[in-house]
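Single-letter residue listing:
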Amino acid sequence: MSDLQQKPVNEERRTLLKAGAVATGTALAPGVLLFGAAQARAPEEPASDKVRWGMIIDVNKCADGCNDCVTACNEENGLSGATGPQDSQWIRKLNIRHLKTGVETSLPMLCVHCEHPPCVDVCPTGASMKRADGIVLVDRHICIGCRYCMMACPYKARSFVHEPLTDQNPEVPRGKGCVESCTFCVQKVDRGENTTACVEACNAAGHKAMIFGDMNDPTSEIAQILKTQKTTEIRADLGLNTGVRYQGI
Amino acid sequence: MLSQQYCLEARECKPALFWTLMGAGGLVLLGTLYAFFTLEHHGHVLTGMDNQIVWGLPHVFAVFLIVAASGVLNVASIGSVFGKRLYKARAPLSGLLAIAMLAGGLAVLVLDLGRPERLIVAMTHYNFKSIFALNMIFYTGFFAIVGLYLITLMDRSLNPWSKPMGMLAFLWRIALTTATGSIFGFIVARAGFNSALYAPLFVIYSFAYGLAVFIVVQSVMYKWNEIQVDPRILARLKNLLAIFVAASLYFTAVLHLTNLYYAKQWEFERFILLEGGIYPLLFWGGQVFLGGILPLILIFSPISRHPATVFLAALLVVLGGHFQMYVTIIGGQAFPLDLFPGYAESSTFYDGVVHPYTPTIWELLLGLGGIAIAFLITTAAVRVLRFMPQDDLKELELELKPH
Ligand code: SF4
Ligand code: SF4
C-alpha cells in the first residue's frame, strides 16, 4: 500500500486516539496528565501540546573541528553527507569569528523549531507544519516543492532534494522535489526515545554540548537550565521563540 | 477613418504569417516541455539553482509576466473607468494580454515546482495565512473577472456592464499586484527583501511594464497589418509610459534610500549597488539605464514622433523589467543571510559567503515557455476575434483636441 493511501487511516486512528487521550485526561487531574504524559507517551499516541521539545547547545563545550553530530544526523536520516550546493544538510557546523575581538566559536546549526515558524506561515499548501509538541516538519505528501519556505526561513535550515534518492531509511521518508529539514529525529521521539541522533553522538564523544528535552516539563534538565541560566536565541530580534537555544555566545 | 486593411475575418488574414508565428511559438513551447520532462525525471540537479539560490531564472520570467499582466490591464481601466475613448478602443487587447501573460507566468511557476504533478494538492490544500496561497486566489479571480470584463466589452448588448466590470477588474488588479509584491516583502529574514515598500513598488513597476508590453504588441500588430497609427494616439501612449517609467525610477530610488537611511541595510545596499559583481551591473546598466533612462531619452527626443522610436523605448522598458526582476529576486538571495550580526560566518552550507548562480539552458527554456504561452494565446485570439485596436477618429478628434 502506498503511503498516500495509508494516510487517511492513520489520521482516523489519530483522531480516535486523541479522543481517547482527552477522555483519559478528564479522568485524571490536569496536573498529572501535564507532567506525566510528556515523557511516557506511547508511540501511537498523538503529539501533545503539553510538550514542547527543545534543545540547548553550549558552544563552550562544542569542540572545534568535531563533526560527530553532523555525521550522526546523516546516518540516522539517510543523508548522503555530501556538501555540494545542491546537497541536503540538516545540521551543519558553523564557525563564527567576532569581527572586533577575533574570537572564534564553533557551533552546530539546525532547524531551530520556531514557535512562530515563518516557513509554516508562508507555505501555500500547509505542508510545512508545526506539531502540537513544537516539532516543525514538512509533510512529504503535500509539499509541492515551491521553495517559498526556504526563502522565508531565517536560519537557512532547509534543503531541497535536487535528485532522485536511493537507499533511504524507511523510517525517514524523503523524496526528490520536496523540501526537508531537521525533524528533531521525530522517529526517535515518537518511539519514546526522547533524544536525537546528534545529541547522542555529542554525548558519546564526551562533549555533552547538546541537551534535548521537553521544555515544558519542569523536572527535565532542559527546563532547569532554561530557568536558572542565560540562554540565547539566534536572531532573537525576529521574535520567533526558537526551540533551539544557545549558551556561551 | 483607418483603412480596413487589417483582417476581421480569418480568411482575409495572411495565413502563412499566422501559421509561421504559431509554429515559432509552438517550437519554443516544445523546448519548454522538453526541459520540464527532463527536470521532472532528473530533478533540479540539472539547473543552476541550489539550496542557496532557490528561486532562479524561471521565477524572473514568471514574476515579470505576472506583474506585467496586471499592469497591462491599466489600458482597459483608463478606458472603462475614466471613459477615455482612446483607451477604450484598446480595452479588449489589454484584457486579452492580461489573461495571456498571467497564464504564461503561472505556467512557468508550476513547471518549475519540485512536484508539479501535485498541482491538484496545491489547489485543494490552502494555508490561508500564506501570502502565496492568497496570490493563487487572486490569480484565479483575475482570470474570471477579466474574462467577464472582456465579454462585456465585446458583446454589444452587455456593453453597459463594461464600466462596473472594468472598475472591479481595476481594483482587483491593484490588490493582485500588491499581493505579488508582498511575496517578497514578507520575507522578513532577508536583508534584500524585508521592506513594506515592495508592494507599492510592484504596483508602480506593473504600470510601466504593462503599458510597455501593450505598446510593443500594438506596434507589431499595426505593422503586420500595415496600419499607420495616428501620431496623437502614439504621443498619448508614450507620454503615459514616460510618467510610469519615471515613477518606477523614483520609487526604486526611494527603496534604496530607505534601506540605507532607515532600515540600515548598508551591507546589502553596498552589495547590490556597488560591489556585488553582476548585480550592480544589471541594476545600473540594465534596470536603471537601459530600462529607465534610455527609454525616457528616446521618448523625449525629437525622433520620438516616429513609431519605431516609441516601439524601441517600450521594448527597452520590457527588457529593463527583466533585469529588475533578476536583481530583485536573485540578487536578494545571493547576499548571504546574517545569522550572527557582528560575526564572520563560515560552514559547509555556504554560510557567510555570496552565493553564485549560473542559470542553465533548462531554466531559460522554462522561463521562455511563459512568453511562448502568452504569445500563442494572444496570436490565436487576435486571429479569431476582434482584438485589434480600432479608433473611430471622428470621435477621438474631440478627445484629442488640445484642452
Ligand atoms: S528554523 Fe526555519 S525551517 Fe525551522 S521552524 Fe524556523 S523557519 Fe521553519
Ligand atoms: S516547498 Fe513544500 S514545504 Fe516549502 S513552502 Fe513549498 S509546499 Fe510548503
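Participant: So what's going on with the pattern of salt bridges? Which residues, and what values?
Facilitator: All names here are of chain A. For the coordinates displayed, the defined rule picks out 16 salt bridges over all chains. With its nearest N and O atoms 2.8 Å apart, the salt bridge here joins R174 to E180. Each member of the pair, R174 together with E180, is buried. Here R191 and E193 are joined by a salt bridge, their closest N and O atoms 2.7 Å apart. Classification of R191 as partly exposed rests on a relative accessible area of 37%. Three or more residues are tied together by salt bridges with common partners; here these are E171, K188, R191, E193 and E200.

Participant: Now, about the site of ligand 1: what can you tell me, with residues and values included?
Facilitator: Taken together, A:C111, A:V112, A:H113, A:C114, A:P117, A:P118, A:C119, A:V136, A:C153, A:P154, A:Y155 and A:R158 make up the full set of residues adjacent to ligand 1. For the shell around ligand 1, the per-class residue count stands at 10 nonpolar, 1 polar and 1 charged.

Participant: I'd like a description of the sheet that holds strand 2 (residues 91-98) of chain A, backed by residues and values.
Facilitator: Whether parallel or antiparallel, the strands of a sheet pair through hydrogen bonds between backbone atoms. Ordered by their spatial adjacency, 3 strands build an open sheet running 3(A)-2(A)-1(B), and the pairing between neighbours is antiparallel. The strands lining the two open edges of the sheet, one partner per strand, are strand 3 (104-110) of chain A together with strand 1 (343-347) of chain B. Averaged over all pairs of adjacent strands, the angle between their axes in this sheet comes to 30 degrees, without regard to strand direction. Of the strand pairs in this sheet, strand 2 of chain A and strand 3 of chain A are connected by 7 bridges, and their pairing is antiparallel. Across the sheet, residue A:R92 finds its bridge partner in strand 3 of chain A, namely A:M109. Contacting strand 2 and strand 3 of chain A, helix 3 (residues 68-77) of chain A crosses the sheet at an angle of about 155 degrees to strand 2 of chain A.

Participant: Explain the environment of B:P116 to me, and be specific about the residues and the numbers.
Facilitator: Tracing the backbone through its elements, the reader meets B:P116 in the loop between helix 5 (91-111) and helix 6 (119-124). Linking B:P116 and B:G342, residues 226 residues apart in sequence, is a C-alpha distance of 41 Å.

Participant: Residue-level account of helix 5 of chain B, with values.
Facilitator: Taking 1.5 Å per residue as the helical rise, helix 5 of chain B with its 21 residues ought to reach 30 Å, and the 30 Å between its terminal C-alpha atoms agrees with that figure. Most of helix 5 of chain B is tucked away, with 18 of its 21 residues classed as buried.

Participant: Which residues make up the sheet that holds strand 8 (residues 210-214) of chain A, and what values go with them?
Facilitator: Residue and element names in this part refer to chain A. One open sheet holds the 3 strands; their spatial order is 8-1-9, and the pairing between them is mixed. Two strands close off the open sheet at either side, each with one partner strand: strand 8 and strand 9 (244-247). Taking the axes of each pair of neighbouring strands and ignoring which way they run, one obtains an average angle of 20 degrees across the sheet. Here 4 bridges tie strand 1 (residues 53-58) to strand 9, and the two strands are oriented parallel to one another.

Rules used in this analysis
- Residues numbered from 1 in each chain as written.
- Chains lettered and ligands numbered in written order.
- Predicted model: local features only at pLDDT ≥ 70, side-chain atom pairs only at ≥ 80, totals over all residues.
- Heavy atoms only, no water.
- Salt bridge = Lys/Arg side-chain N within 4 Å of Asp/Glu carboxyl O.
- Buried < 20%, exposed > 50% of the residue type's maximum accessible area, 1.4 Å probe, protein only.
- Near = heavy atom within 4 Å.
- Nonpolar A, V, L, I, M, F, W, Y, C, P; charged D, E, K, R; others polar.
- Pairing = 2+ DSSP bridges.
- Helix = DSSP H or I, 4+ residues; strand = E, 2+ residues; numbered from the N terminus.
- Axes fitted to C-alpha atoms, helices over the stretch in contact; angles between N-to-C directions.
- Contact = heavy atoms within 4.5 Å.
- Expected span 1.5 Å × (residues − 1).

What is shown is where atoms sit, not what they do.
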